[in-house]
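Each chain, written out:
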Amino acid sequence: MIDVKNLTIADLVHSLSFSIAPGARVGLIGESGSGKSLTALALMGLVPDNLPVSGSITLDGEELVGASDKQLCKIRGKRIAMVFQEPMTALDPLMKAGAQVAGALKLHGFSGDRNARVAQLFRDVSLEERHIDAYPHELSGGQRQRVLIAMALANEPDVLICDEPTTALDVTVQKEIVDLILDVVAKRQLGLLFITHDLGLVSEVAEELIVIQHGRMVEKGPTDKVLRNPSALYTKGLLAASDLHARDHDGHLYTVTTAADGTYSPGVAHARPAFIPKGQQVLLKATGISKTYTKGLLTKSSVNALAPLDVTLTAGQRLGVVGGSGSGKTTLLKLLAGLVEPTTGTIERHADVQVVFQDPFDSLDPRRTIGDSVGEPLLATSAADRARRVREVLDEVGIASDAVARYPHEFSGGQRQRISLARALTVTPKVLLADEPVSALDVSVRAQVMNLLADLAGEYEFSLLFVSHDLAVVRQLCEDVLVMDNGEVVEHGLVKDVFDAPATEYTQRLLAAVPRIVL
């Protein structure tokens with residue numbers, strides 16, 4: 001069906017060759033910047049004009065490289081469809097979901113009853129009829145992703161490309177989306193190209209696996225064979241970085257680089273991180289806090305985002321907060337940080353509190369240099385002291401001091417997250433609130449940031465409240481955990497106790513949905 005030969009894109013992708021047959025499920029993995037998404041865009045004919053494309057991409061013998069826009073428009077969305085990583089970017093915020101799916105049908109000349117077809121597509125992706133008239137912001141992350149899948153399937157394509165379709169979703173919604181994609185592919189015998197940095201996920205989805213590094217293919221073969229017995233050093237490094245139970249002799253998680261020393265063994269921890277013991281001093285205490293949002297001007301309605309609950313954080317404590325999307329995790333963090341006011345209850349803060357957000361690109365001002373952003377909490381100090389402290393914290397998070405004059409867009413995602421950590425540490429806080437700080441990072445960068453958090457927790461002796469939908473990460477970084485669902489705490493206790501013997505059905509579902517490498 002699709003045959004790719006010697007695909008080269010500027011100096012970013014080099015001589016990539018593979019094929020996708022009807023019903024075949026092909027996985028494409030690699031670190032951020034390896035050329036995965038660019039390869040997908042090339043199949044769609046969407047590579048930016050300033051990046052020359054050479055080689056060959058044929059769809060049932062029809063050459064796509066160098067094809068005219070008119071020719072590509074007939075194929076794009078009709079025979080080859082794509083589900084993008086971030087649905088809020090891919091969907092028009094001013095159009096209702098159903099209208100956007102209908103637009104995809106109209107674009108390719110669908111002659112039947114469009115309303116009936118849209119309704120059927122929504123049913124196919126397990127959306128209700130009421131969602132047809134909803135705007136993107138009125139839908140959850142998983143529902144928006146289902147709308148994108150409905151759009152992709154609208155014209156019954158031959159090939160479906162999924163570019164990190166579940167990265168920002170919690171594990172239960174992720175499982176639902178992946179099951180939906182696999183069901184559609186099997187029923188319609190679509191060719192699937194599934195792009196991800198999650199090796200556990202790709203082992204469940206793909207039959208064949210392609211590993212690329214710096215735009216070059218380093219390994220290709222049946223998924224179980226590649227993951228069970230990798231031949232490329234890079235693939236071995238990715239597997240090591242995915243193994244959150246293994247640690248090197250410094251107590252650090254392995255990265256692609258550190259795994260090259262040959263000490264990695266699956267599940268073996270040569271040492272443990274040196275966390276400080278949990279103390280008795282209360283640094284942050286919330287009593288009976290809740291949050292209710294109201295909306296509407298004439299007809300007001302309310303949404304209970306958080307039911308009354310108590311939270312106490314003591315010196316040196318590492319508390320994880322887990323739950324599905326909309327469970328109240330981020331609302332709780334915002335209340336504790338003082339970013340929003342609670343509807344009921346009180347919050348006592350007995351120490352400096354700083355926050356690290358999920359997306360550093362959004363939390364760093366694109367018009368300010370890194371030096372200015374990191375130094376912002378120190379505006380009350382002298383310019384000399386501020387500059388010295390900025391260089392000091394940047395060095396501690398592994399960012400060269402000459403980066404102070406550069407801007408956020410000049411850094412990778414992992415580097416921006418390090419910079420966000422540096423900004424939070426400038427005032428030496430005793431409480432750090434982290435909201436999904438590693439959810440969008442590839443496995444190797446995730447390991448680097450987790451190692452950094454563990455090291456800094458020991459060095460600064462701060463308490464950590466870590467919000468995440470990744471239960472495996474929480475197991476490694478935290479000793480206590482709160483499990484939240486629909487704004488309520490449904491379970492809490494030591495991580496080991498809660499995760500090894502969950503008392504509620506909801507926690508059991510969360511743990512069962514965690515993707516694991518299947519060999």
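Analysis parameters
Residues numbered from 1 in each chain as written. Predicted model: local features only at pLDDT ≥ 70, side-chain atom pairs only at ≥ 80, totals over all residues. Heavy atoms only, no water. 1 Å grid on protein atoms, 1.4 Å probe; cavity = no way out; pocket = protein on both sides within 12 Å on 5 of 7 lines; lining within 4 Å. Points joined across faces, edges and corners; volume = space filled by probe spheres on them. Helix = DSSP H or I, 4+ residues; strand = E, 2+ residues; numbered from the N terminus. Nonpolar A, V, L, I, M, F, W, Y, C, P; charged D, E, K, R; others polar. Buried < 20%, exposed > 50% of the residue type's maximum accessible area, 1.4 Å probe, protein only. Axes fitted to C-alpha atoms, helices over the stretch in contact; angles between N-to-C directions. Parallel < 35°, antiparallel > 145°, perpendicular 65-115°, else oblique. Left-handed = near helix turned anticlockwise from the far one by under 90°. Contact = heavy atoms within 4.5 Å. Salt bridge = Lys/Arg side-chain N within 4 Å of Asp/Glu carboxyl O.

The name given to the protein chain in an unreviewed UniProt entry is ABC transporter domain-containing protein, and the organism recorded there is Corynebacterium aquilae DSM 44791.

Here we take up the layout of surface pockets. In this structure, the second largest pocket occupies an estimated 930 Å³ of space. Lining the second largest pocket we find 39 residues, and of these Asp198, Ser242, Arg446, Ala472 and Pro515 sit closest to its centre. Among the secondary structure elements, those contributing two or more residues to the lining of the second largest pocket are helix H7 (171-188), helix H8 (199-205), helix H10 (233-242), helix H16 (443-460) and helix H17 (471-477). The greatest single-element share of the lining of the second largest pocket, amounting to four residues, is contributed by H17. In the lining of the second largest pocket, the residues fall into 20 nonpolar, 11 polar and eight charged.

Our next topic: unusual backbone geometry. Backbone geometry places Asn6, a non-glycine residue, at a positive phi of 50°. Mapped onto the fold, Asn6 is located in strand S1 (residues 2-9). In this structure Asn6 comes out as partly exposed when scored by relative accessible area, which is 46%. Positioned with a positive phi, Glu164 is a non-glycine residue whose angle comes to about 50°.

It is worth spelling out empty space enclosed by the protein at this point. With a probe scaled to a water molecule rolled over the atoms, the places where space remains empty come into view. Tallying each qualifying case throughout the model produces one cavity of 30 Å³ or more. Looking at the lining of the largest cavity, its residues break down into four nonpolar, one polar and one charged.

Quick look at the packing of helix H15 (residues 413-425) against H16 now. Two elements in contact, H15 and H16, have axes separated by 10 Å at closest approach and are oriented at 15°. When the interaxial angle is binned, H15 and H16 end up roughly parallel. Remark: the crossing between H15 and H16 carries right-handed chirality. Contacts between H15 and H16 pair Gly414, Gln417, Arg418, Leu421 and Leu425 from the former with Val445, Gln448, Val449, Leu452, Leu453, Leu456 and Tyr460 from the latter.

Before going further, it helps to examine the pattern of salt bridges. Taken as a whole, this structure holds 21 salt bridges when the rule is applied. Two residues, Arg368 and Glu376, come together in a salt bridge whose shortest N-O distance is 3.5 Å. Given a relative accessible area of 37%, Glu376 falls into the partly exposed group. Three or more residues joined by partner-sharing salt bridges are found here, namely Asp60, Arg79 and Asp158.

For the rest of this paragraph, the subject is helix H1 (residues 36-44). The periodicity of an α-helix, 3.6 residues per turn, causes residues three or four positions apart to be oriented the same way. With respect to burial, H1 is a largely interior element, seven of its nine residues being buried. Of all the residues in H1, the buried ones are Lys36, Leu38, Thr39, Ala40, Ala42, Leu43 and Met44. Looking one or two residues past H1, Gly45 carries a phi angle of roughly 70°, positive in sign.

What follows covers the environment of Gly320. Tracing the backbone through its elements, the reader meets Gly320 in strand S13 (residues 318-323). Considering only alpha carbons, one finds Gly320 and Leu482, 162 residues apart in sequence, at a separation of 6.2 Å. In this structure, Gly320 is in contact with Phe466, Val474, Cys478, Asp480, Val481 and Leu482, ignoring residues within four places of it in sequence.

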